[in-house]
Amino acid sequence: MGDLNNIQNEIAAEMLGDLADVSYSFTASRQVQSANYDPENPTAGTTASYNGTGIFGLNFTKEDSEVFQIEQADQKAIIMKVNSSETPMIQDDITYSDTTYKIIHLNNIPADNGWVLQLRMV
């Protein structure tokens, strides 16, 4: 497990170095339903927020199109676990560079150290 932690720390450091031109700080939020659901006010609840750093503006590959239903304006992003204060979820709103997107789809990175996100502008 020590090697995986070292690799994650190196990637996090590179996001401030060589990958800084594609790394952005983000804020994200999701609606959390209250424990006592009210059908007359279905949006009642609270907003949970989290933040971090990710690599945004990546292009989708041909292989991605087999997994994701990609629209022309969709964006691909990668967030490492060590760079996010919370686990992202589908339907979360994520904002970077003053633009808000909705997480349409996400996949765990095979090493289970982050996520690949499909983002759609809100």
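Our subject in this report is the structure included herewith. Remember, predicted model here, so these are calculated numbers, not experimental data.

**Description of the environment of Ala77**
In step 1: Mapped onto the fold, Ala77 is located in strand E3 (residues 75-80).
In step 2: Taking the C-alpha atoms as reference points, Ala77 and Asn108, separated by 31 residues in sequence, lie 12 Å from one another.
In step 3: Beyond its immediate stretch of four places on either side in the chain, Ala77 contacts Ile55, Phe56, Trp115, Val116, Leu117 and Leu119.

**Observations concerning the nonpolar core**
In step 1: Judged by nonpolar contacts, the single largest core of 14 residues is most densely connected at Phe26, Phe56, Ile94, Ile103, Leu117 and Leu119.
In step 2: Listed by contribution, the elements that provide at least two residues to this core are strand E1 (23-33), strand E2 (45-58), E3, strand E4 (93-96), strand E5 (99-108) and strand E6 (114-121).
In step 3: Among the nonpolar cores identified, the runner-up in size contains 7 residues, and Met15, Met80, Ile109 and Val116 belong to it.

**A word on the environment of Asn107**
In step 1: In this structure, Asn107 sits in strand E5.
In step 2: Of the residues examined, Asn107 reaches a relative accessible area of 28% and is grouped as partly exposed.
In step 3: Through-space distance from the C-alpha of Asn107 to that of Asn6 is 22 Å; in sequence the pair is 101 residues apart.
In step 4: With residues up to four places along the chain from it excluded, the contact list for Asn107 reads Val67, Phe68, Gly114, Trp115 and Val116.

**Looking at the pairing of E6**
In step 1: Counting buried residues along E6, 6 of its 8 residues qualify, which places the element largely inside the surrounding structure.
In step 2: Two elements, E3 and E6, share 6 bridges in a ladder whose sense is antiparallel. The residue of E6 that forms the bridge with Lys76 is Gln118.
In step 3: The sheet contact formed by E5 and E6 spans 7 bridges and is antiparallel. Residue pairing in the sheet places Asn107 in a bridge with Val116 of E6.
In step 4: The turn joining E5 and E6, which pair antiparallel and follow one another in sequence, is formed by 5 residues; a positive phi near 60 degrees is taken by Asp112.

Thresholds, definitions, all that
Residues numbered from 1 in each chain as written. Predicted model: local features only at pLDDT ≥ 70, side-chain atom pairs only at ≥ 80, totals over all residues. Heavy atoms only, no water. Helix = DSSP H or I, 4+ residues; strand = E, 2+ residues; numbered from the N terminus. Contact = heavy atoms within 4.5 Å. Core = buried A, V, L, I, M, F, W, Y, C linked by side-chain atoms within 4.5 Å. Buried < 20%, exposed > 50% of the residue type's maximum accessible area, 1.4 Å probe, protein only. Pairing = 2+ DSSP bridges.

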